Each structure stands twice: as structure tokens, then as C-alpha cells.
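In case you want the letters, here they are:
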Amino acid sequence: MSEHTFITGKDAALEDTIARVQGQLTALGFDIEETRWLNPVPHCWSVHIRDKNCPILFTNGKGASKKAALASALGEFVERLASQYFFGDFHWHREQTTHDGLKQGVHDPRERWFTIDHPGVRPEGLLDDALWRHYLADDYRITTKDWVDFNSAVTDAVCALPYTRIRDGQTLYFPANVVGNLYVSNGLTAGNTIFEARTQGLSEVFERFVKNRVIAESIALPQIPDDIVARYPTIATAIAALRGHSFGLRLLDASLGGKYPVICVTLIDPQSGGVFASFGAHPNFEVAFERTVTELLQGRALDDLHAFHPPTTDQELVSDPQNLELHFIDSSGWLSWDFFRDTPDYPFVHWDFTAENNEAGFKRLCDIVHAEGYDVYVADYPHIGLYACRILVPGLSEIYPVDELYERNNNVGLSLIPYVERLGELSATECAQLLETMDDLDMDWLMPMTDVIGLAIGADHPWASLRFGELRALALFASGPDDDDDETEALLDWLVNVPPLPDNRRIIYRAAHTHHQLTVAATAPLDQYQSTLMALYPPQEQASAQALLEGRAGFLDLGGLGANFERSPLHQTLMAAFDRAFAAKPPVEFTT
């Protein structure tokens, strides 16, 4: 008789979940491999899985058992595949399409496209008035261009996706750009049933909201009493094992007085002086507690726990949005000494938000949100083995401040794509236009160009190391010799000393820097230094350096990417995976 392992909060046996997801992914052409298992202490397992054919499609799972961790990782793979989150950081070169009377779409067959005909004036059907104000669309007088999505090739319309408002069942359309920029993966989950997925998704929203608030405000949380911990033997065993490895642990109720279903476990490392706070959430206290402990160790060996910051008294540093972003990414941000105060700001509550089933439990969580004046919006994606969903709670679940829609929108790189596709073929005039376009973007020079333009590229490809500042410098040189010696000196000095570059390009920049300094100094003709220059730099690199200074080097070994980034095999593999996942979505009737 086959084994069936059920755990609290799950609506199917772990074995059934694993078999169903593995079968569905195989049917869609994905070949999943388990590449790293960790079990540093009892009842704390984690696993890294990936697609063999496209390793940038990967997820991590955690659990109190090996099967629970694998089911977790497979569930995360489904949620990111079904919602297309896997592909959200890349440019797809897709346009709106229809086929045989069925709408295929770009993001989703159910999408709608809008144009904002008057700056700051909401088109009917896009969001509603309250959400329009929430996203500061009136303040910034937004236009279609501000909200075009980064992924598609459509730049004259806003793609919007349907979300159902739980309070009244109304469907509203949210710009894909807004969702991708502000919410990233928050509230994105999968489950065996629709309400298992939704319950977990809303639990994660609470987890991250409370985590941000506790860290930003340095709230001192109450300890979970020893007699309560003892009621959960597997958790207590894992905690005892960690303490046996000389780590200090603070087990904390993060419900803020019984208001939210959240736990916090804080690790203190006497060896390095570092501290690390893990948060977890679920309507069931034990499940939330277990998830918090396993999250602490997900993807980490014990030696990896020695790399965190010590507490700080700099409250401004702790509350800075960039610090909170680090806590969201990998919990590597700073924590305040005030967070570690012995006298808590809230009393301990042994809370319980469970109900008779996940549907009732989800309703109970929604009631908490509604009581605070927020709304829950859900998009369901039930087409890849499990029920996946994305939950938005505007005003509560944003990972990034709304201002970043206008200050750091990910669509700014769209203007560079026509240039990078033809990079090796640009004329001097086009290089000058590229330079002007880059200067208008005013981006961090160290930003990887792969992130700016949404490119998937192999690690050994020249584009893998390219930074925004290097491409700008090459565009400047390629547009013609620069008469400003000080600007050239500063640019070459930056290229030689700042960005991480492969040796073949760095040596060209070093040679160009040397040639430029000797030429400007003009104490003797350049050929008077030739023997030493030949000892320092090979002839080919010297020739490339001189060509760079004279505007003849083009973009060195950085060829154009081609239409649809066709010269990147990895990008093509990624887009093939996108196509297979999208093909599984049920099409909708196309209407004009």
C-alpha cells in the first residue's frame, strides 16, 4: 500500500502533490533535477531544484521532512511558472496576437489593453478611482508610456491583468507594470486546492507586512514561553540542535498582540556577533512556528549562519527602504538594538486563527484585512498541476514604495533595446544617440546591462559582465574622439578600477588609460615608450586601445544581440520555456 503523509494546512498527501506536479511538469517539457539537499539539524530540510535544460528556472523548498521540502520546492516552481513570475525580469519581444478566433495575449489570454489618452486621467476599466489615487497616478499625471510593461514589445498601450476583489467579487484590471514593480513575488503561492493556495498567499502578505513594520520600527517582540515551545516536540528538537551548535535563539510572537498570524525566530551568533531574523505566518500557530524555523535554515548550512550583521544603533539605517529590501531578498539587512530589548512592546498571545477548513481560514484572514480598511485582490492560475494564485493588498503588501513606479520603473530599459540588438552595426550618429538615451536614463553605472534590458545570457558570454557605465563609455568613444581630456581620463580611470570586468577587456582599458595619460602629458612622443608599453600590453590590446581612443574600436567583443536577442542561446531556451508554459493557459474567445 502506498504511503500517504498528511501535514497540517495541506489538502492532499505530500506524495500525491509531488507525483501530480512532477507529472505535469514532465508533460510540459520540463526536466526537474534536485541539485542540493540540506538537513543541518533535525526536522529542518531544504532543497534546491531546477530545470536541467534552463537552469535559471529554479526554486527552493523547505519543510520539517524531506518530502515536505520537495513538495514546497515543486509548489514554488508551479506558482512561478503558472503566473509567469519566472519570466518577469526578462524582455519577451511578444506582441498581442489572436489565432482562429481565440485570444492568445502576451501575459495572459484574459488581459486587456488600455491607452491613457489624457495624462493623469483614468481610462474606464483600468483599476478604479481609489486605486488610481493609491498609485499616485493623479500626482504624477501618468501617461501610457509610464505604465507600459517591460516584458512585451508593445509600447503604445498598457497591458492590464484581471484581479477579483474578495469583498464584493468585482473584477478590476491592474497594470502588469504596477504589479511587477511593486509586489514582485509577495502573495504568490500554490496549493493543492484554491483556498489552500489563497490562505498561504495571504499569510505571506501578513508575514512580510509585519516583518517590515517590526524591523523598521524596531518593535521589541515577546518571547514564546518554554512551556508553549515544549508542546511542539519536532520544533523544540530543531531549536535544541541549533543551540547545541552554540547559536543563541530568541523565539518570538510577532502577532503584535494577537492581531496577525506571524512568528519570528531570531538567531544570535556569538562567533561573528551577527544577528538574523526569520519570520513565518500561517493561521495555525504550530505551522507558522515550524515555517519560521525552517525558513531560518532554507538553503543554508550551519557555516552560512556566520555572515550576518551585528545589531546597530543607527535607526535611520535600519528603517531605510533599501535595508528592508535586503530583508525581503535574503534577510541580510541590519537589525536595531532596540529590537532586542528585554521588555516587549506587546504581550505574548498564544493565538489561533484556524478554522474548520482552508476556505473558512481564508475568509478569517480576509476579515482581518478588511477590518483595517484594505482590500484583497486575487488572480488565480489553476492550469499547471496545482492551484496557483497571486494576492495583492494595495497599501499593505507592496514590497517597494509606490514612488518607485516613477523613480525606478523597470521599463526604462526598453528605450535601449533597439540599439543593443544592432550594437555592432551602429553608425557614429547612432552611437551618439545611444549615449544621449543612456544619459537621459540617469542610471547607476554599475547596473548590469542584463538587468536593464531583460537579457538571459550565459556566464561565459561577453555580455554577462557588461555594466551600464561600460556600455555608456563605449558609446561615447564610438561616437567619435572626445576632445575633453578630463572626461576621458575620468572615464578610463573608472573602467580600469571600478567595474568587475573580464581580463581581455580590462587590459584594453588599462592600455588606453596609459596611452591617454602619456599623450596628454606630451613629454615625449608615444613611440618613445614603446619597449615598455610592449612589455606591459600585447600588440593586439595596444592596437585595440588606440582604436578605442580614436573612435574606431566599436564595442570591442560585444556584438549586437540580434532581433529577439537571438544571439543568446540561453535567452532562446528561456523563451521556449515561456512558450510551453503559456500554451497551457486556457485561451479565451477573442472579441473586437
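The protein chain is annotated in an unreviewed UniProt entry as YcaO domain-containing protein from Halothiobacillus neapolitanus.

An account of helix α12 (residues 358-371) is requested, with residue identities and associated values reported.
The end-to-end C-alpha distance of α12, which contains 14 residues, comes to 20 Å, matching closely the 20 Å that a straight helix rising 1.5 Å per residue would cover. Looking at α12, one finds that the buried residues are Asn358, Ala360, Gly361, Phe362, Leu365, Cys366, Ile368 and Val369. Buried residues in α12 make contact with α6 (194-217), β13 (377-384) and β14 (386-392). By the N-cap criterion, in which a side-chain oxygen at the helix start approaches the backbone nitrogen of a residue two or three places on, α12 is capped by Asn357, the distance to Glu359 being 3.1 Å. Directly after α12, the chain includes Gly373, whose backbone phi takes a positive value near 90 degrees.

I'd like a description of the pairing of strand β8 (residues 171-175), backed by residues and values.
Most of β8 is tucked away, with four of its five residues classed as buried. In terms of strand pairing, strand β7 (residues 158-165) meets β8 through five bridges, oriented antiparallel. Pairing of Ala160 across the sheet is with Pro175, part of β8. The turn joining β7 and β8, which pair antiparallel and follow one another in sequence, is formed by five residues; a positive phi near 75 degrees is taken by Gly169.

Give me the lowdown on the state of the cysteines, citing residues and values where you can.
Within this structure, the stated rule accounts for zero disulfides. The cysteine Cys389 is free of any disulfide, with Cys366 supplying the nearest cysteine sulfur at 11 Å. Residue classification places Cys389 among the buried residues on the basis of a relative accessible area of 1%.

Definitions and cut-offs
Throughout, a residue's number is its position along its own chain's written sequence, starting from 1. For this predicted model, a pLDDT threshold of at least 70 governs which residues receive local features, and a threshold of 80 or more governs which side-chain atom pairs are given and counted, while totals over whole chains, interfaces and linings are taken from all residues. Water and hydrogen atoms were dropped before computing side-chain values, which therefore reflect all heavy atoms in the structure. Working definition: helices are DSSP H or I runs of at least four residues, strands are E runs of at least two. Numbering for both runs from the N terminus. For a helix, the expected span equals 1.5 Å multiplied by the number of residues minus one. We call a residue buried when its accessible area falls under 20% of the maximum for its residue type, exposed when it is over 50%, and partly exposed in between, using a 1.4 Å probe and counting protein chains only. The contact criterion used is simple: two residues touch if any of their non-hydrogen atoms lie within 4.5 Å. Pairing of N or O atoms within 3.5 Å defines a polar contact, subject to two protein rules: one partner must be a possible hydrogen donor and the other a possible acceptor, and residues neighboring in sequence count only if both atoms are side-chain atoms. Here a strand pair is declared whenever DSSP counts at least two bridges between the two strands. When two cysteine sulfur atoms are found within 2.5 Å, that pair is recorded as a disulfide.

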